[in-house]
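Overview (structure and organization)
If you want the building blocks of each chain, they are given just below.
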Amino acid sequence: MNIRKLGDEKPTILIFNGSPRKLKSCANQSSKTKKLVDWTIDKWMPFINFEYIDLSVGKVNIQPCKGCISTSNGFHCHFSCSCYEKGSKTKPDLMYESDIYTKLENCDGFIVVSPIHWYSVSTQVKAMFDRLVCANQTITKEQAEEIFGVGNIKNSEITGQTELQEEYKHLLKNHLEGKWAAFFVHGDDGANDFDGNPPYTGDKEWDVRNSVMPLVHQVRYYGINCPDDLVEAFYVNKGKPYYQANLDFEETDEFFERMDGLIERLLDYIS
């Protein structure tokens, strides 16, 4: 691995804690995801400028995507998302309050760390990627205001005609193209939900990577680099009670070994 020496310019990488759990919330216990993200930042800080993004449930959360791109493509959906704004008192939005769009624009790459919830990533992670639809083949909010007028950027009759006429089609772009993405998703393998043989769910051929591949395909569609070896997905703690699995986190070497390998590969690609 081509590790950058101290003193050289370090890459800027966003690292997302995708667990909904927060210490002193109803769980009253830090999640394995949060513990792993903290460990990763501490270990790799000499080589990486980390930007930490906490997606856990709090007073401000990610607002849902309204699907307005289906109105007039990227002429109605803008980058950064024009359905919400920073400082809103009625609909505070974590995407803006944590400056996620701006940080994604300015970073070299990002890592999403998420638990597996019912065969997929957490609700928080899925909500964020829904809100990133605005990064693909859209114009900016500023361009929309200049073309349509400030009060008309969500006027479907105007934006629709613009899409049909294709006059401004050359302005559509992928705003995060060329960046690097990595995913680290982990799940407890049934924990203590059952004894003996698991109930039949029709998933005998299930590949744990399927839990995150829709997001991998999404970023690739946007022109973001995410090769297969930047996707870590696995189950651990087979047959172990959830509570004990959390207490034993520091002794589960697989978490740390897989994360080290993922970081090393990501740095090799970026450098």
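It should be noted that the structure appears before, not after, this text.
Numbering of residues starts from 1 in every chain and runs along the sequence as written. Confidence filtering applies because this is a predicted model: local features only for residues at pLDDT of at least 70, side-chain atom pairs given and counted only at 80 or more, and all residues used for totals across whole chains, interfaces and linings. To get the side-chain values, take all heavy atoms of the structure and skip hydrogens and water.

1. Some thoughts on the nonpolar core
- Counting residues in hydrophobic clusters, the biggest one holds 44 residues, and the most contacted among them are F16, L55, F110, M128, F129 and F183.
- Listing elements by their share of this core, those giving two or more residues are β1 (12-17), α3 (94-97), α4 (100-106), β4 (109-115), α5 (123-131), β6 (180-188), α8 (213-221) and β7 (231-236).
- With sequence-adjacent residues up to four places away left out, F129 is seen in contact with F110, V112, F183, L215, Q218 and V219.
- Core analysis: the next-biggest nonpolar cluster, separate from the first, contains 25 residues, I41, W44, I48 and F255 among them. In plain words, nonpolar cores are sets of buried Ala, Val, Leu, Ile, Met, Phe, Trp, Tyr and Cys residues tied together by side-chain atoms within 4.5 Å. Remark: exposure states derive from per-residue accessible area (1.4 Å probe, protein chains only) relative to the maximum for the residue type, with buried under 20%, exposed over 50%, and partly exposed in between. Going along the chain from the N terminus, every DSSP run of H or I of four or more residues is numbered as a helix, and every run of E of two or more is numbered as a strand. Every residue pair with non-hydrogen atoms within 4.5 Å of one another is taken to be in contact.

2. Thoughts on empty space enclosed by the protein
- Buriedness for pockets is judged along seven lines, at least five of which must meet protein on both sides within 12 Å for an open set on the 1 Å grid over protein atoms alone, while cavities are sets there where a 1.4 Å probe fits but cannot get out, and lining residues have an atom within 4 Å of a point. Grid points are joined across faces, edges and corners, and a volume is the space filled by probe spheres set on the points. Counted under the stated rule, the structure contains one cavity of 30 Å³ or more.
- Each pocket or cavity is described by its volume, and for the largest cavity that value is around 90 Å³.
- Considering the residues around the largest cavity, the lining is formed by 16 residues, among which C65, C68, C77, C81 and C83 are closest to the centre.
- Throughout this entry, Asp, Glu, Lys and Arg are counted as charged residues, while Ala, Val, Leu, Ile, Met, Phe, Trp, Tyr, Cys and Pro are counted as nonpolar. The remaining residues, Gly among them, count as polar. For the lining of the largest cavity, the per-class residue count stands at ten nonpolar, three polar and three charged.

3. Details of the packing of helix α1 (residues 32-44) against helix α10 (residues 253-270)
- With their axes 11 Å apart at the nearest point, α1 and α10 run at an angle of 50° to one another. One way to sum up the angle between α1 and α10 is to call them oblique. Regarding α1 and α10, the two cross each other, and that crossing is right-handed. Here K32, L36, W39, T40, K43 and W44 of α1 come into contact with α10, specifically with F255, F256, M259, D260, I263, E264 and L267. Axes, fitted as lines to C-alpha atoms, cover a helix only where it is in contact. Angles between the N-to-C directions of the axes lie from 0 to 180 degrees. What sets the label is the angle itself: under 35 degrees gives roughly parallel, over 145 gives roughly antiparallel, 65 to 115 gives roughly perpendicular, and the rest give oblique. It is the rotation of the near helix from the far one that decides the hand of a crossing: anticlockwise by less than a right angle makes it left-handed, clockwise makes it right-handed.

4. Points about the packing of aromatic side chains
- Two rings from Phe, Tyr or Trp (for Trp, the six-membered ring) form a pair when their centres sit within 6.5 Å of each other. Planes less than 30 degrees apart are called stacked, planes more than 60 degrees apart edge-to-face, and all others tilted. Scanning all chains against the criterion turns up twelve aromatic pairs.
- Consider the rings of F184 and F234, whose centres lie 5.4 Å apart with planes at 90°: the pair is edge-to-face. Remark: F234 occurs in strand β7 and F184 occurs in strand β6; sequence separation between them is 50 residues.
- Overall, F184 belongs to the buried group, its relative accessible area being 0%.
- On the accessibility criterion, F234 (3% relative accessible area) is buried.
- Taking 5.0 Å as the distance between ring centres and 55° as the angle between the ring planes, the aromatic pair formed by F249 and F255 counts as tilted. Grouping residues by exposure puts F249 and F255 together as buried.
- Through successive ring pairs, a cluster of aromatic residues spans W39, F184, F234, F249, F255 and F256.
- The aromatic ring of Y84 is capped on one face by K66, whose charged end is 4.9 Å from the ring centroid. Whether a charge sits over a ring comes down to the Lys NZ or Arg CZ being within 6 Å of the ring centre and within 35 degrees of the ring normal.

5. What about the side chain of D260?
- Mapped onto the elements of the fold, D260 is located in helix α10.
- Apart from residues no more than four positions distant in its own chain, D260 is found in contact with W39, K43 and W44.

6. Structural notes on unusual backbone geometry
- Cis rather than trans, the peptide bond between F79 and S80 has omega equal to -5°.
- As for its position among the elements, S80 is in the loop between β3 (78-79) and α3.
- Of note in the backbone geometry, D99 takes a positive phi value of approximately 55° without being a glycine.
- Tracing the chain through its elements places D99 in the loop between α3 and α4.
- Its relative accessible area of 30% is what places D99 among the partly exposed residues.

7. So, the sheet that holds strand β2 (residues 49-54)
- Two strands form a pair only when DSSP identifies at least two bridges running between them. Judged by pairing direction, the sheet is parallel, and its five strands sit side by side in the order β2-β1-β4-β6-β7 without closing on themselves. Strands at the two margins of the open sheet, each flanked by one partner only, are β2 and β7. Adjacent strand axes in the sheet meet at a mean angle of 15°, parallel and antiparallel pairs treated alike.
- Where β1 lies against β4, five bridges are found, and the strand directions are parallel. When the bridges of β4 are listed, I15 appears paired with I111.
- Sitting on the sheet, α8 touches β4, β6 and β7, and the angle it makes with β6 is about 175°.
- The strands that α10 touches are β1, β4, β6 and β7; relative to β6, the one it contacts most, it runs at about 170°.

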